[in-house]
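Next come the chains, spelled out residue by residue.
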Amino acid sequence: MSDNAHKIEAPHLGEPYLLTPGPLTTSYAVKQAMLRDWGSWDGEFRAVTAEMRKLLLELTGDTNGVLDCVPMQGSGTFTVEALLGSFIPREGKVLVLSNGAYGKRLVQTLEYLGRDHVVIDKGDYMPPRGDEVTAVLVADPDITHVVVVHCETSSGILNPVSEISEAVYAQGRKLLIDSMSAFGAIPLDINEIRYDAMVSSANKCIEGVPGFGFIIARKDELEAAKGRSHSLSLDVHAQWSHMNKTGQWRFTPPTHVVVAFLEALKAHKAEGAVAGRGARYSNNRDAIVDGMRELGFETLLKDRWLSPIIVTFFCPADEAFEFEHFYELMKSKGFIIYPGKLTVADSFRIGCIGQMDADVMRQVVTAAGETLNEMGVDTAAPPESALNERAKLAA
Ligand SMILES: Cc1ncc(COP(=O)(O)O)c(C=O)c1O
């Protein structure tokens, strides 16, 4: 791909960059695609939906027509709830691999749904490993499904889904993946990593705007989901069969969002699809991590676990540092950052996804350096307790 193939432009209205893992900074072309109105039942909009589903399936590596794609209205959480309610039989039992806020949300959703479940709880960020999964599955033959978060956006860790998938299918169980913040930038090729269904949403690595999510699942699992859902609007089988019969969404679709997403998908393809997008995000991560480390900041995770999606930095121990003040000063310089979600140490996060390149990330570092000076923070070094927390990962 030539450097010109994907030109990053600063936000046209001068709004701050969103260094957040969705909603994120989108291109002007994506926003512009929303200026037209569409009839939700009209043939032109049906063609948009069909092309969107086709382009999403192209990202899975499925050359045998084993998978299908079902878009669902709502935010990512709605789509996760639709996934769990539709793919896990009422008499099924789930093993949830939890290492952060989105793993916890999976558990909470299963509680709402009344599905039997057990949890491997790794706390704020430690990765669930294949051998731990094997041990639980061997000990409990009632478990039918395992659910894992691909990139746990709350810490930024990239979970080892490949070894987890191997462990799950070696024991004859089924894997569901919450790939919300990873799909489109981190490979999830069905020929490499086996899964029965996964979920992601419009406003993450494909760089659309928020408004719907989508499930990519084996067609035989979609068939088996008939009549299983607890919810009318979150019934994935019903949405799938209606869409396949009529080309339409069952209930009012977010038309403008869908058209914008198709524009985003075309840009994603032009950038080199998953490999191209992943490469830009990796450069973004390297630029922000290198620059922030030069300022004295430390990352929560060791390099091998750092995703190209979002990075958690410890807050400096210096008493002059206060996150809300840091946030406001960064925003005034054109960058919206993200508070941390760790319970064990004060932290903040910087997202690497969206319409940004390494140049933008270097500007973020410059802004962070200036902000520390303005706040009178002499050193960005974290407290000893935070470093002790991090040492656990190496142990
Ligand atoms: C891994 C993961 N799962 C689920 C969600 C929930 O999505 P939403 O906030 O759109 O409901 C997110 C949101 O960032 C996420 O990163």
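Check the entry above for the structure.
Residues numbered from 1 in each chain as written. Predicted model: local features only at pLDDT ≥ 70, side-chain atom pairs only at ≥ 80, totals over all residues. Heavy atoms only, no water.

## A word on the site of the ligand
As a reminder, the rule being used: If even one non-hydrogen atom of a residue comes within 4 Å of a molecule or strand, that residue is called near it. Contacts described as polar in this section are N or O atom pairs within 3.5 Å, which, within protein, must combine one atom able to donate a hydrogen with one able to accept it, while residues neighboring in sequence count only if both atoms come from side chains. Exposure was quantified through the Shrake-Rupley algorithm and a 1.4 Å probe, taking into account, for residues, occlusion by the shown protein chains and nothing else. We call Asp, Glu, Lys and Arg charged. Ala, Val, Leu, Ile, Met, Phe, Trp, Tyr, Cys and Pro are nonpolar, and the rest, Gly among them, are polar.
Lining the immediate surroundings of the ligand are S75, G76, T77, Y102, R105, V149, C151, T153, D178, M180, S181 and K204. Contact between the ligand and S75: an oxygen atom at 2.6 Å from a side-chain N or O atom of the residue. In this structure, Y102 approaches the ligand through a side-chain N or O atom, which is 3.4 Å from an oxygen atom. Coverage of the ligand by the protein amounts to 86% of the 390 Å² it exposes when considered alone. By residue class, the composition of the shell around the ligand is four nonpolar, five polar and three charged.

## A short note on helix α3 (residues 76-87)
Convention followed: Strands are runs of DSSP state E lasting at least 2 residues, helices are runs of H or I lasting at least 4, and numbering of each runs from the N terminus. Multiplying 1.5 Å by the residue count of a helix minus one yields the expected span of that helix. Throughout this description, buried means an accessible area under 20% of the type-specific maximum (1.4 Å probe, protein chains only), exposed means over 50%, and partly exposed covers the range between.
Given a rise of 1.5 Å per residue, 12 residues ought to cover 16 Å, and the 16 Å separating the end C-alpha atoms of α3 matches this to within 8%. Taking burial as the measure, the 12 residues of α3 include nine buried ones, the bulk of the element.

## Re the state of the cysteines
Which entries qualify depends on this criterion: Disulfides are defined in this document as cysteine sulfur pairs within 2.5 Å.
Counting across every chain of the model gives zero disulfides. You can see C352 has no disulfide; the closest cysteine sulfur is in C151, sitting 9.4 Å from it.

## Remarks on the pattern of salt bridges
Rules: Here, a salt bridge means any side-chain nitrogen of Lys or Arg that lies within 4 Å of a carboxyl oxygen of Asp or Glu.
Scanning the entire structure with this criterion turns up 19 salt bridges. For the salt bridge of E374 with K333, the shortest nitrogen-to-oxygen distance reads 2.9 Å. Note that E374 is positioned in helix α12 (residues 358-375) and K333 in the loop between α11 (323-332) and β12 (335-336), a separation of 41 residues in sequence. The class for E374 is partly exposed, based on a relative accessible area of 48%. Assessed through its relative accessible area of 24%, K333 is described here as partly exposed.

Taken by themselves, the reported measurements are silent on function.
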